[in-house]
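# Descriptive structure summary
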Amino acid sequence: MRKYISFFRMRLMAGLQYRAAALAGLSTQLVWGAMEVLLYRAFWLEHPERFPMGMEALAAYIWLQQAFLTLFSLWSWEFELINSVKTGDVAYELTRPADLYGMWMARSLAVRLSRALLRMVPVILAAVCIPAPYGLRLHTGPAVFLLFLLSALLMLVVVCAYTLLIYALTFHLTDPNGIMVLSVAAADLLGGGVVPLPFLPDGLRQIASLSPFGSMQNVPLRIFSGDIPLPEIPAVMGLQVFWSAVLILAGYLLTRSGLRRTVIAGG
């Protein structure tokens, strides 16, 4: 376990050095978040009774979505890992005295966390300065806030486990681009990226909530905004734990299966 923690720490420190890229993305997220809030505001002012979420809760959802974007965005692929399987460079990883899946998991966690740490604080500070009900406000007590933090960590594990499952498929597919595009589209629709899940039709919302995508950004953002009642939080977090275990096991087994079938030629 110590070697995985050391690798995680090294990748985290390396990721924190890309401040210029984070600054460029920061301005985009602030502008995009403001546009989304203004768009929903126009509909809310017209028919507030038809909104499944309050405007303050919705604004909190949007701003946190922008602050933690790099934690759950499935389009943020690590093509270095995918190309290492295609080119055979994964052989260098196999020479290390560590499990390949464990190293990939530590790397994915560190990369996503480092990107988020560089952007989340400025976005949150800017959103807090916006007047209510269009800014970011804490609507819950300390206990629910701690549940939000725990749920955010579970979300990170679910996202990384899901992306590693896609990476593991690279061992079995000639070209994984197709399934990568489909997985991003499914995550945006069923995970609350296009619109929050309460805005979806009832049938689709239930399917999305039970899918692994519904255990990503949907859960922690709605916990923070107060859209998920306290009695329902243990159930939705339990689903996050379930999908974490399922995706980690599936990714691990698929990686092991791929490595058994892999033949690396050259000298």
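All values derive from a computational prediction rather than experimental measurement.

## Remarks on the nonpolar core
By size, the foremost hydrophobic cluster in this structure holds 69 residues, and its most contacted members are Phe68, Trp104 and Ile223. Looking at this core, the element that brings in the most residues is helix α8 (residues 142–169), giving 15 residues. With sequence-adjacent residues up to four places away left out, phenylalanine 68 is seen in contact with Met120 and Phe148.

## Considering the packing of aromatic side chains
Taken as a whole and assessed by the stated rule, the structure comprises 13 aromatic pairs. An angle of 65 degrees between the planes, with centres 6.1 Å apart, marks the rings of tryptophan 77 and tyrosine 167 as edge-to-face. Of this pair, tryptophan 77 sits in the loop between α4 (69–72) and α5 (79–87) while tyrosine 167 sits in helix α8, and the two are 90 residues apart along the sequence. Residue class for tyrosine 167 comes out buried when judged on its relative accessible area of 2%. Seen in terms of ring centroids, phenylalanine 242 and tryptophan 243 are 5.2 Å apart; in terms of plane orientation they differ by 65 degrees. Their pairing is edge-to-face.

## Looking at the pattern of salt bridges
The final tally for this structure, using the stated rule, is five salt bridges. Between glutamate 80 and arginine 107 there is a salt bridge whose closest N-O contact spans 2.8 Å. Here the residue glutamate 80 occupies a position in helix α5, and arginine 107 occupies one in helix α7 (residues 100–128), the gap between them amounting to 27 residues. Ionic pairing is found between aspartate 202 and arginine 205, a salt bridge with its closest N-O pair at 2.8 Å. Linking aspartate 202 with arginine 205, this pair stays in helix α10 (residues 202–210), spanning three residues, or about one helical turn. Residues joined in a network through salt bridges with shared partners are Glu78, Glu80 and Arg107.

Rules of the game
- Residues numbered from 1 in each chain as written.
- Predicted model: local features only at pLDDT ≥ 70, side-chain atom pairs only at ≥ 80, totals over all residues.
- Heavy atoms only, no water.
- Core = buried A, V, L, I, M, F, W, Y, C linked by side-chain atoms within 4.5 Å.
- Buried < 20%, exposed > 50% of the residue type's maximum accessible area, 1.4 Å probe, protein only.
- Helix = DSSP H or I, 4+ residues; strand = E, 2+ residues; numbered from the N terminus.
- Contact = heavy atoms within 4.5 Å.
- Phe/Tyr/Trp six-rings, centres within 6.5 Å; stacked < 30°, edge-to-face > 60°.
- Salt bridge = Lys/Arg side-chain N within 4 Å of Asp/Glu carboxyl O.

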